[in-house]
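As a plain string of letters, each chain reads:
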Amino acid sequence: MVILLLIIKFSVLKTRKIISDKWGKDMNKPKIPNLFAGIKSFQNAGPAIRVSIITIIVNMVLSVMKFIAGIIGNSGAMISDAVHSASDVFSTFVVIAGVKMSEKEEDREHPYGHERMECVAAVILAGLLAAVGFFIGFSGIKKISGGGYDELEVPGVFALVAAVISIAVKEWMFRYTRAVAKRVNSGALMADAWHHRSDALSSVGSFVGILFAILGYPVMDSVASVIISVCIIKAAYDVFKDAFDKMVDHSCDDETESEIRSIVMEIDGVKGIDVFKTRIFGAKIYVDMEISADGDMTLRDAHEIAEKVHDAVEEKCTGCKHCMVHVNPYVDDEK
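As a starting point, this report considers the structure included with it. Since the structure is predicted, the reported quantities are computational estimates derived from the model, not experimental observations.

Parameters and conventions
- Every residue gets a number counted from 1 within its own chain, in the order that chain's sequence is written.
- Since the coordinates come from a predicted model, pLDDT governs what is reported: local features require at least 70, and pairs of side-chain atoms require 80 or more to be given and counted, while whole-chain, interface and lining totals use all residues.
- Hydrogens and water are ignored here; the side-chain numbers use all heavy atoms of the structure.
- Any carboxyl oxygen of Asp or Glu within 4 Å of a side-chain nitrogen of Lys or Arg constitutes a salt bridge here.
- Labels follow the DSSP assignment, with helices taken as runs of H or I lasting at least four residues and strands as runs of E lasting at least two, numbered in each case from the N terminus.
- In this description, strands pair whenever DSSP reports at least two bridges between them.
- Axis lines are fitted through C-alpha atoms, for helices just across the contact stretch, and the angle between N-to-C directions can take any value from 0 to 180 degrees.
- By the convention used here, residues are in contact when the closest approach between their heavy atoms is within 4.5 Å.

1. Points about the pattern of salt bridges
Any two side chains of opposite charge can pair, so long as their charged atoms come close to each other.
Now for step 1: Taken as a whole and judged by the stated rule, the model has three salt bridges.
Now for step 2: E171 is the partner of R197 in a salt bridge, and the nearest nitrogen-oxygen pair spans 2.8 Å. With a gap of 26 residues between them, R197 in helix 7 (residues 187-214) and E171 in helix 6 (residues 157-184) connect regions that are remote in the sequence.
Now for step 3: Across the pair K308 and E304 runs a salt bridge whose closest N-O atoms are separated by 3.9 Å. Here K308 pairs with E304, and both are found in helix 10 (residues 299-316), just four residues apart, close to one helical turn.

This is how it looks when you write it as structure tokens:
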């Protein structure tokens, strides 16, 4: 309970600061021009930031609603679900920080940019998810192993209604956030989307557990908490694996590599691809290749072919930040 209240307090203060920075310094003086300026600023913000602000507001409302429902309805599963939603608020601030830092331009100390900061944000999110999952699971197992099921309080209908509302809202947030994450190719935002899905699944677990508890099986409320924890930990693993792959220069999937090869072979003058390598750097793709061309052409002509390949790959391949091309003289193996 103390953790929940601290997270909510931190979230309110942080949200106030973000809105104050973006929508006008003086929030205590309700000026109409500032209100319109705030709306315009919100509309002009990047997609990831807009989604994050909406997420903060929705999760704050949900966490308070579910916490109150858990207290009034005597449901440990719903209180656990409220803590999960409150952790979503903090995770969104991590996403905002990661996205903002990854958008910084290259500098002398970071000549390849800051894209990997999104991966760092995703790893932090994974750690937060795992911690919440283990906490909820430990609490549920402790109640189950303690016995005395007849003495457990039976949840009320209010908690059941709160679970239904949470499922609907969080599933909508998952679909909305995932769509934007795919459009802007943001790993941190995708991690936050799966955080929404894990919250929706935890609410499903809460609903089932509370329903069975009302029907005469109060221990099912605790069982639901354990099931929720497993879903959360699984989501944490998926987020961590995706971020880790991007941090260690993992190659692109076969479909993307095949697409790039097709783009290259469509360029006039390219007779083959001798060496082909791809790597994922944060949310961006880097391509290194050696192509073969007529060995009798001039250096200027060979350079022109390399430029065409470079421009075509960076223009047509979504997410490609840089393509390095080296030209080799073509050798006919049949001769």
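Structure shown, so let's carry the discussion forward.
2. Section: the sheet that holds strand 3 (residues 320-329)
Now for step 1: The strand order across the open sheet built from three strands is 1-2-3, with neighbouring strands paired in mixed fashion. The outermost strands of the open sheet, each flanked by one partner alone, are strand 1 (272-281) and strand 3. In this sheet, adjacent strand axes meet at a mean angle of 10° when their direction is disregarded.
Now for step 2: Here nine bridges tie strand 1 to strand 2 (residues 284-293), and the two strands are oriented antiparallel to one another. Note that in strand 2 the partner of F281 across the bridge is K284.
Now for step 3: Across the face of the sheet, helix 10 comes into contact with strand 2 and strand 3 while running at roughly 155° to strand 3.

All we've got here are geometric facts, nothing functional implied.
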